[in-house]
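Structure assessment
Below are the chains, spelled out letter by letter.
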Amino acid sequence: MLAFMRKSYLNLQKSCNLLKITAKTVSTTRCLSTIETRLNTSNTDYRFSLNNNSKLTPEQQKFYEENGYIVVKNLVPKNDIKRYLNRFKDIANRKVSTPPGLTVQKEVSVAKEQQNENTVYKLQELFCDEVLFEYCKHPDILNYVEAFIGPNLMAIHTMLINKPPDKGTKSSRHPLHQDLHYFPIRPADKIIGAWTAMETINRENGCLVAIPGSHRGQHLEHGYPDWEGGVNKMYYGIKEMTGSENRVHLEMECGDCVLFHPLLIHGSGMNRTKGYRKAISCHFAASDCHYIEVKGTIQENLANEIIDVAKKRFGATFTDYSLIWKFRAQLVRGQQINL
Ligand SMILES: O=C(O)CCC(=O)C(=O)O
């Protein structure tokens, strides 16, 4: 409805200009200003979305405001997904040389095995690969992202996740967490994740699980969960979860994309199938966000761990946490301001 009103308003304004109707035409002016006030009031009522490009339907905008996520069905065309999938296979199976800077991670349990599409569980720094980075520049995704956080967009964190079949340890689960815990970037409301299913993803192969409305809460303390079967490196979880929260399972088809706020509490379930569950994701931040110092905050432990890994990989240049994120951040639309 708002999108329709905005369009009508713009058309009305255009018609007035064409007909050379000026502000002296009292009734038209009154009508325009009423619509304008209504539009402005509606937008300022919303804290988590701008919708300046009218991409969101009123239902989508309201749903995101209340729940902290929306699922857009069929957002990424199947052909594009197929291209990303083939590229993943070529890189993982070493059919092509690994693009410099791309992080290829194997599961700890298969660390000594040969690298192939069944031992690689994650690619990161997708901006180092032309094909995979297309996902982060995909106009259909960016139009939605812009509707939430504005026109100047940096891709700050990029991953392709190849969740392996669980070996009975339940370690294929991803504990409930808030992505903001990883980012030394604020404000949180100007960050959004776009996670896209590369195949049918359901409760059987470990779909995302989220707690609707949790984006309205605080950034909570995280740590490694005390799971009997172990937990993957860097898979931090929220320390105090009661287990009685209202959880939703986001079952999705290939090409469906969930856009979510970085404070939304989410994780993913165990992969009970024999297949490898694939998803591609990118977090975006408005380029007028700023870096924060994480020393002395609840983010410090995780930051130190990430700094250690970066130091081993790239040498002593990454002594400061925000430098790692400066290295990762890539402009994908509009102008680069702070980040
Ligand atoms: O893909 C998954 O299984 C979980 C991804 C996730 O929660 C994350 O990367 O923040």
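Numbering of residues begins from 1 in every chain and follows the order in which that chain's sequence is written. The model is predicted, so local features are restricted to residues of pLDDT at least 70 and side-chain atom pairs to those at 80 or more, both for listing and for counting; the totals for chains, interfaces and linings are taken over all residues. As a rule here, side-chain values cover all heavy atoms of the structure and leave hydrogens and water aside.

Remarks on the environment of Gln124
Strands here are runs of E lasting at least two residues and helices are runs of H or I lasting at least four, both read from the DSSP assignment and numbered beginning at the N terminus. For Gln124, the location among the structural elements is in strand β3 (residues 120-124). Each C-alpha atom, one on Gln124 and one on Ile280, is 10.0 Å from the other, the two residues being 156 residues apart in sequence. Contacts between residues were defined by any pair of non-hydrogen atoms, one from each residue, lying within 4.5 Å. Once you skip the residues sitting within four places of it in the chain, Gln124 turns out to touch Leu102, Thr103, Gln105, His157, Thr158, Met159 and Arg328.

Considerations on helix α3 (residues 58-67)
Every buried residue belonging to α3 is among Gln60, Gln61, Tyr64, Glu65 and Asn67, and all of these are buried. Where α3 terminates, the next one or two residues include Gly68, which has phi positive at roughly 85°. Burial classes: relative accessible area under 20% of the type maximum marks a residue as buried, over 50% as exposed, and values in between as partly exposed (1.4 Å probe, protein chains only).

Notes on helix α7 (residues 300-314)
Under the 1.5 Å per step criterion, the end-to-end length of α7 is 20 Å for 15 residues, consistent within 8% with the ideal 21 Å. Among all positions of α7, only Leu302, Ala303, Glu305, Ile306, Ile307 and Ala310 are buried. In the core, the buried residues of α7 are packed alongside α8 (321-328). In the stretch just after α7, Gly315 is the one whose phi turns positive, near 95°. The span you would expect from a helix comes to 1.5 Å times its residue count less one.

As for the sheet that holds strand β11 (residues 248-250)
What links the strands of a sheet is backbone hydrogen bonding, and the strands pair in either a parallel or an antiparallel sense. Only strands joined by at least two bridges in the DSSP assignment are considered to pair. Pairing in this open sheet of four strands is antiparallel, and the strands run β5-β13-β8-β11 from one edge to the other. Either end of the sheet is taken by a strand with one partner, and the two such strands are β5 (174-177) and β11. Adjacent strand axes in the sheet meet at a mean angle of 20°, parallel and antiparallel pairs treated alike. Bridge analysis of β5 against strand β13 (residues 266-268) gives two bridges, and the strand direction is antiparallel. Looking across to β13, one finds that His174 is bridged to Ser268. Structural elements are reduced to axes, namely lines fitted to C-alpha atoms, with helices fitted over the stretch in contact, and the angle between N-to-C directions of any two is expressed from 0 to 180 degrees.

Considering the site of the ligand
By convention in these notes, a residue is near a molecule or strand provided one of its non-hydrogen atoms lies within 4 Å of it. As a structural note, the neighbourhood of the ligand is formed by Met159, Ile161, Lys163, His174, His177, Asp179, Trp195, Leu208, His266, Ser268 and Arg277. The side chain of Trp195 places a nitrogen or oxygen atom 3.1 Å from an oxygen atom of the ligand. Throughout this description, a polar contact denotes any pair of N or O atoms lying within 3.5 Å of each other; where both atoms belong to protein, one of them has to be capable of donating a hydrogen while the other can accept it, and for residues adjacent in sequence the pair is counted only when both atoms sit in side chains. Interatomic distance of 2.8 Å between a side-chain N/O atom of Arg277 and an oxygen atom of the ligand. In isolation the ligand offers 290 Å² of accessible surface; the protein chains occlude 94% of this area. Mapped by element, the contributors of at least two residues to the shell around the ligand are β4 (153-163), β5 and β13. It is β4 that contributes the most residues to the shell around the ligand, three residues altogether. Under the scheme applied, nonpolar residues are Ala, Val, Leu, Ile, Met, Phe, Trp, Tyr, Cys and Pro; charged residues are Asp, Glu, Lys and Arg; polar residues are all the others, including Gly. Grouping the amino acids of the shell around the ligand by side-chain chemistry returns four nonpolar, four polar and three charged. All accessible-area figures derive from a Shrake-Rupley calculation using a 1.4 Å probe, and residue coverage is judged against the displayed protein chains alone.

Quick look at the pairing of β4
On a regular strand, each side chain points to the face opposite its neighbour's, so the side chains alternate between the two faces of the sheet. Of all the 11 residues making up β4, 11 are buried; the element is thus mostly covered by neighbouring parts of the structure. Sheet analysis places β3 next to β4, joined by three bridges and oriented antiparallel. Residue Lys122 lies in a different strand from β4, and its bridge partner there is Ile161. Of the strand pairs in this sheet, β4 and strand β16 (residues 330-333) are connected by three bridges, and their pairing is antiparallel. Note that in β16 the partner of Met154 across the bridge is Leu331.

Some thoughts on the packing of aromatic side chains
In this scheme Phe, Tyr and Trp rings, the latter by its six-membered ring, pair at centre separations within 6.5 Å, and the angle between planes marks the pair as stacked below 30 degrees, edge-to-face above 60, and tilted otherwise. This structure, assessed with the given rule, holds nine aromatic pairs. Ring geometry for Tyr64 versus Phe148: centroids 4.2 Å apart, planes at 45°, classification tilted. Remark: Phe148 occurs in helix α6 (residues 139-149) and Tyr64 occurs in helix α3; sequence separation between them is 84 residues. Relative accessible area serves as the criterion here: at 1%, Tyr64 is assigned to the buried category. Residues Tyr84 and Tyr135 carry aromatic rings whose centres are separated by 6.1 Å and whose planes lie at 85° to one another, so their mutual orientation is edge-to-face. Of this pair, Tyr84 sits in helix α4 (residues 78-92) while Tyr135 sits in the loop between α5 (130-133) and α6; the two residues are 51 residues apart in sequence, bridging distant segments of the chain. Residue Tyr84 shares its accessibility class with Tyr135, and that shared class is buried. Here the aromatic residues Phe127, Phe133 and Phe327 are joined through ring pairs into a cluster of three or more.

Looking at the side chain of Gln61
You can see Gln61 is positioned in helix α3. Within the local environment of Gln61, its side chain forms a polar contact with the side chain of Asn51, the two groups lying 3.5 Å apart.

Topic: the confidence of the model for the chain
Residue-level confidence of the predictor is what pLDDT reports, using numbers from 0 through 100. Looking at the chain, pLDDT values average 87 and 86% of them are 70 or higher. The model gives residues 1-42 a pLDDT under 50, and that stretch makes 27 contacts with residues more than four places away or in other chains.

Considering the nonpolar core
Nonpolar side chains in soluble globular proteins tend to be buried together. Ranked by internal contacts, the top residues of the largest apolar core, which has 41 residues, are Tyr135, Leu259 and Phe284. Top element by residues in this core is α6. It accounts for seven residues. Counting 26 residues, the second-largest nonpolar core is a separate cluster that includes Ile156, Ala188, Ala310 and Trp325. Residues belong to a common nonpolar core when they are buried Ala, Val, Leu, Ile, Met, Phe, Trp, Tyr or Cys residues joined through side-chain atoms within 4.5 Å.

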